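Here is how the chains run, residue by residue.
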Amino acid sequence: MMSVSSLMSSEILFVVHDAGESLAFQPVIDIMMKDLNLNITVLCLGEPSTSIYSNYPNSFVLSDIGIDIDIEDGTEDSRAQMLSDAQLGVLVESVQPSIGICGMVYGMQAQICSSLRRTIDLPSYSMTFFDGFGLWSNQTVMGTYFTNPNPEAVRSVMTSAEDQTSAINAEVTEYCTAVTTGNPTLQSWKATAENETRKHDTRTYLYGGAAGASTIGVIYAGGYGGDDYTASLHVFCSTAHDLSTPLESPRGTKGVFKFVFAPHPGYPSNYEAELFDSWGCLEDILVLSTESGYSTSELVVASNVSISECSTVGGQSSAVGVPHAYVNAAPGSACNDVFTLNNIIPAASSSDELQSILSTTFNDWNYYVDPTVLEAAGVPINGTGAIMEQIYGHIRGI
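Summary of the structure given here. Small disclaimer: the values here were computed from a predicted structure and weren't measured.

Remarks on the nonpolar core
Ranked by internal contacts, the top residues of the largest apolar core, which has 28 residues, are F14, M32 and I391. Of all the elements in the fold, those that place two or more residues in this core are strand 1 (11–16), helix 2 (19–35), strand 2 (39–44), strand 4 (99–103), strand 5 (125–129) and helix 17 (383–396). Element by element, the count of residues in this core is highest for helix 2, at 7 residues. Within the second largest apolar cluster, 27 residues are counted, among which are Y229, F259, F276 and L358.

This is the structure in structure tokens:
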């Protein structure tokens, strides 16, 4: 590794938007800024990245450099939002890093990475990181916006799993190289799970006086919206109504399960609460707000089971021994990731199937999954160190 003084001569720009990449980059940025004093800036394109990096002195949003645009968040349509040519020109003039590192969940991130790479006066070495565990294909955001239309724009792709790396290298080796680093949040979640005091306090908050061994705490990690997501929530609602003991104003015990809904970071839970109320299951589910004071990792490690439509939480939950289930109820919907590929995370398409998973499958597992299943899925644990090594490797070449 080069000396710290040599590393300091390089400016690194991180471009973030979603919670997954924002939280994954945090430990990397913390070490490089605080321990190595590197010159790092963080461009936050929207929520929840803006909130996550609100206390970082070197973070900024587009309006800070005179770009007036209402960033869309949290829908599939928002992933296609782009800057105008004029706005892109302002950004490139304002920020000219030696290395640009972009998340891979929004088309605007691909647009920015491409522009940094093609800057005439000071071209940047463009790197990207895919924080999810989904399988790569031409139909994903990765393929649609990053590697297919502008393959020369991205020189290095860091992935969370071996299957992703193999697929990308098989398709675009002429233009860029993919390498498996793993996701740094897995280490963060493990650290959370080791805090027994916080885990006990969180479990008591979620499941009250019935927080003993006889209660099976089930938490749904919320998403963004859309028909597939709504259908998934409806199955969760029906399951909670059939299996749960109400958390307030008990009207008789129906079972040992208790259900909690946690909103996606940066998004209110009003939408889900209104749906649950209209479907008649609101009193069966504790709906948390974004102001609960608990992170998703704290909520999951304090529970026995986690559920999502198709979230990175599946891998994160497995990393701390909490079994996870995907719920894909809309016609034609499915969660295709490295964990379903390797038969590690089960999926349900109906309330009956989800109830069977909760009552039978996970009961047979003693409501525990061995974290070593991540190795079977080709997912490394030391994502922080691996990403830093990739960055340092390119700094050495500057």
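What follows picks up the thread again.
Details of the state of the cysteines
Put plainly, a disulfide is one covalent bond tying together the sulfur atoms of two cysteines. One pass over the structure, following the stated rule, counts 2 disulfides. In this model, C237 is linked to C281 through a disulfide, with the two sulfur atoms separated by 1.9 Å. Linking C237 and C281, the disulfide has an S-S dihedral of approximately -125° and is accordingly described as left-handed. Pair noted here: C237 is in helix 10 (residues 227–243) and C281 is in the loop between helix 11 (270–279) and strand 10 (285–287), with a separation of 44 residues, a long-range link. Classification of C237 by relative accessible area gives buried; the value is 2%. The disulfide bridge from C310 ends at C335, spanning 1.9 Å between sulfur atoms. Disulfide C310-C335: the torsion about the S-S bond is 65°, which places it as right-handed. Residue C310 is found in the loop between strand 11 (305–308) and helix 13 (313–319), and its partner C335 is found in the loop between strand 12 (324–327) and helix 14 (338–341); the two are separated by 25 residues along the sequence. Taking relative accessible area as the criterion, C335 reaches 5% and is therefore assigned buried.

Concerning the packing of aromatic side chains
The tally for this structure, following the rule as stated, stands at 15 aromatic pairs. Summarising the aromatic geometry, the rings of F261 and F276 are spaced 5.8 Å apart at their centres and angled 75° between planes, so their arrangement reads as edge-to-face. Residue F261 is found in strand 9 (residues 257–262), and its partner F276 is found in helix 11; the two are separated by 15 residues along the sequence. Grouped by ring-pair contacts, the aromatic residues Y220, Y229, F236, F257, F259, F261, F276 and W279 constitute a single cluster. One cation-aromatic arrangement involves R79 over Y106; the distance from NZ or CZ to the ring centre is 5.0 Å.

Examining the pattern of salt bridges
The final tally for this structure, using the stated rule, is 2 salt bridges. Where K199 meets E196, a salt bridge forms, and the shortest distance between an N and an O atom there is 3.5 Å. Here the residue K199 and the residue E196 both occupy positions in helix 9 (residues 196–207), the gap between them amounting to 3 residues, near one helical turn. With relative accessibility at 23%, the residue K199 sits in the partly exposed group.

So, how was this worked out
Residues numbered from 1 in each chain as written. Predicted model: local features only at pLDDT ≥ 70, side-chain atom pairs only at ≥ 80, totals over all residues. Heavy atoms only, no water. Core = buried A, V, L, I, M, F, W, Y, C linked by side-chain atoms within 4.5 Å. Buried < 20%, exposed > 50% of the residue type's maximum accessible area, 1.4 Å probe, protein only. Helix = DSSP H or I, 4+ residues; strand = E, 2+ residues; numbered from the N terminus. Disulfide = S-S within 2.5 Å. Phe/Tyr/Trp six-rings, centres within 6.5 Å; stacked < 30°, edge-to-face > 60°. Lys NZ or Arg CZ within 6 Å of the ring centre and 35° of its normal. Salt bridge = Lys/Arg side-chain N within 4 Å of Asp/Glu carboxyl O.

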